[in-house]
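Listed here are the chains, written in short residue letters.
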2 protein chains.
Amino acid sequence: MAIKVHGNKMSTATMRVVACLMEKGLDFQFVDIDMGADQHKQEPFLSLNPFGQVPAFEDGDLKLFESRAITQYIAYTCANKGSQLVCEDPKKMSTVSMWIEVENHHFDPAASALTWELGIKPVIGMATNDTIVEQNKERLSKVLDVYENRLIRSKYLGGDWFSLADLHHLPNMHCLIGTQVKTLFESRPNVSAWYADISSRPAWLKTVEWLKET
Amino acid sequence: MAIKVHGNKMSTATMRVVACLMEKGLDFQFVDIDMGADQHKQEPFLSLNPFGQVPAFEDGDLKLFESRAITQYIAYTCANKGSQLVCEDPKKMSTVSMWIEVENHHFDPAASALTWELGIKPVIGMATNDTIVEQNKERLSKVLDVYENRLIRSKYLGGDWFSLADLHHLPNMHCLIGTQVKTLFESRPNVSAWYADISSRPAWLKTVEWLKET
């Protein structure tokens, strides 16, 4: 594999792909896309992703975009390297797929809005919109109530093993844990224990170190 | 398999699951959820999907929700029945997964908003919001420009074979083809030819017949 990740370290979707590569112990070349200069909305980036969103991914002649498709590719191609993040049994995998979709449709819209308002806007000198924050805290609370109930019965979202369904949450949770949203996680014991577990994985700690490198 | 689909015939997500079952030639029991009476927001439905959205799916003791996770389960479990909608090769499958995500993140938000405004609201006696219609026609146009360009080079979205990536589009396109949105499809020759192809599949024609049954 000669892997390239074209992305930005402030993008949770970029972090998602890098976290997956770290779980598999795969080397990659990082191509920094300057989103402040709108590089993702111009060529040559648009040839990698016509929707103009980071990250884009290359593995030899294969070109992909959409972070969750990229993580699935990595997880299936390197099934026997590092941590097993997917499984072959379609019945077991269906529960993982379901929670991947839950992250995609329920967790991410609220969490990404909060990451933008509370994690990114202050860094790039924009004003946080408190109404949007309150609306999305309410949405996220309802989602986390479902998670709290799920995690009573299951150590991880997709079952008794750490899978892509869990991994996909790490970037937004990492960005939000340093904000007022932290209380939404901490007030739910099972969500809190789950996050403590998944965020202390060596591969995630390496991802966090990688984020700090300039 | 003893399959039950709990859903509603006005729900495109329900149609997505049924279309997949039809491609595989699988029998199923349909449990009609009266959304007008908010049955999806109450028990016993909430035990099947705590997010209160149709469809929910049962196959013996397996319970799933999220339509795209359900179609993947059906496609992988019954890989050798009916049409092959996924493939084992991770590289080929990664392109299918990418277009599944594109439908999920780009096509569906605009198309579902339009289906609601133009396909469902008039039927249930609600007024269409023209501003929302215009905004989402603009969003959908940009998405379809990317599709038009993709379909110059590839017969189907995921490659040279009909896959879940194509199938997932059928319900919203079916609902929109009878509305003013039709022109967005018809004005793009490759999108138009692709839709003519996928919507004439016997399994989809059976799904449309099933929708008409009372």
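Residues numbered from 1 in each chain as written. Chains lettered and ligands numbered in written order. Predicted model: local features only at pLDDT ≥ 70, side-chain atom pairs only at ≥ 80, totals over all residues. Heavy atoms only, no water.

Helix-helix packing: each pair is described by the crossing angle between the helix axes and the interaxial distance. Orientation of helix 4 (residues 90–120) of chain A relative to helix 3 (residues 67–77) of chain B, taken along the N-to-C sense of each, is 155°, at an axis distance of 8 Å. The orientation of helix 4 of chain A with respect to helix 3 of chain B, classified from their angle, is roughly antiparallel. Every pair of crossing elements has a handedness; the one defined by helix 4 of chain A and helix 3 of chain B is right-handed. On helix 3 of chain B, the residues touching A:Pro90, A:Lys91, A:Ser94, A:Ser97, A:Met98, A:Glu101 and A:His105 of helix 4 of chain A are B:Arg68, B:Ala69, B:Gln72, B:Tyr73, B:Tyr76 and B:Thr77. Taken together, the residues of the contact of helix 4 of chain A with helix 3 of chain B break down into five nonpolar, five polar and three charged. (Axes fitted to C-alpha atoms, helices over the stretch in contact; angles between N-to-C directions. Helix = DSSP H or I, 4+ residues; strand = E, 2+ residues; numbered from the N terminus. Parallel < 35°, antiparallel > 145°, perpendicular 65-115°, else oblique. Left-handed = near helix turned anticlockwise from the far one by under 90°. Contact = heavy atoms within 4.5 Å. Nonpolar A, V, L, I, M, F, W, Y, C, P; charged D, E, K, R; others polar.)

Let us look at the sheet that holds strand 2 (residues 29–32) of chain A. Residue and element names in this part refer to chain A. Here four strands make up an open sheet; going across it, the order is 2-1-3-4 and the pairing mixed. Each end of this open sheet is capped by a strand with a single partner; those strands are strand 2 and strand 4 (62–65). Within the sheet, the average angular offset between the axes of one strand and its neighbour, ignoring direction, is 20°. With four bridges connecting them, strand 1 (residues 3–7) and strand 3 (residues 56–59) associate as antiparallel partners. Paired with Lys 4 across the bridge in strand 3 is Glu 58. On top of the sheet, helix 3 (residues 67–77) reaches strand 3 and strand 4; it is set at about 135° to strand 4, its chief contact. (Pairing = 2+ DSSP bridges.)

Residues and elements named next belong to chain A. Interhelical geometry of helix 4 versus helix 5 (residues 130–153) gives an angle of 150° and a closest axis separation of 9 Å. By the criterion of interaxial angle, the relationship of helix 4 to helix 5 is roughly antiparallel. Once helix 4 is placed against helix 5, the crossing between them reads as left-handed. The residues of helix 5 that touch helix 4, namely those facing Thr 95, Trp 99, Val 102, Glu 103, His 106, Phe 107, Pro 109, Ala 110, Ala 113, Leu 114, Glu 117 and Leu 118, are Ile 132, Val 133, Asn 136, Lys 137, Arg 139, Leu 140, Val 143, Leu 144, Val 146, Tyr 147 and Arg 150. A class-by-class count of the residues in the contact of helix 4 with helix 5 yields 15 nonpolar, three polar and five charged.

In the predicted model, chain A carries a mean pLDDT of 97, and 100% of its residues have values of at least 70. The ipTM, which scores confidence in the relative placement of chains, is 0.96 for this predicted complex, and the corresponding pTM is 0.97. (pLDDT = per-residue confidence, 0-100.)

Attention now goes to the interface of chain A and chain B. Facing 28 residues of chain A, the contacting portion of chain B comprises 28 residues. The contact between chain A and chain B buries some 2700 Å² in all, and 67% of this surface belongs to carbon and sulfur atoms. The partner of A:Asp61 in a salt bridge is B:Lys91, with the nearest N and O atoms 2.8 Å apart. For the interface between chain A and chain B, the tally reads 10 residue pairs in polar contact (both at pLDDT 80 or more). Broken down by secondary-structure element, the contributors of at least two residues to the side of chain A that touches chain B are strand 4, helix 3, helix 4 and helix 5 of chain A. Counting residues per element, the side of chain A that touches chain B draws most heavily on helix 4 of chain A, at 11 residues. Broken down by class, the residue content of the side of chain A that touches chain B amounts to 13 nonpolar, nine polar and six charged. (Buried area = accessible area lost by both parts, 1.4 Å probe. Salt bridge = Lys/Arg side-chain N within 4 Å of Asp/Glu carboxyl O. Polar contact = N/O pair within 3.5 Å; in protein donor to acceptor, adjacent residues only side chain to side chain.)

Residue and element names in this part refer to chain A. The final tally for this structure, using the stated rule, is 25 salt bridges over all chains. Across the salt bridge formed by Glu 103 and Arg 16, the nearest N and O atoms sit 3.5 Å from each other. Of this pair, Glu 103 sits in helix 4 while Arg 16 sits in helix 1 (residues 12–23), placing them 87 residues apart in sequence. Note on Arg 16: relative accessible area 1%, which makes it buried. Through salt bridges that share partners, Arg 16, Arg 68, Glu 103 and Asp 108 make up one connected network. (Buried < 20%, exposed > 50% of the residue type's maximum accessible area, 1.4 Å probe, protein only.)

All names here are of chain B. Strand order in the open sheet made by the four strands is 2-1-3-4, with mixed pairing throughout. A strand with exactly one partner marks an edge of an open sheet, and here the two such strands are strand 2 (29–32) and strand 4 (62–65). Each strand axis lies, on average, 20° off the axis of its neighbour in the sheet, ignoring direction. Note that strand 1 (residues 3–7) and strand 2 share four bridges and pair parallel. Its bridge partner lying in strand 2, Val 5 is registered against Phe 30.

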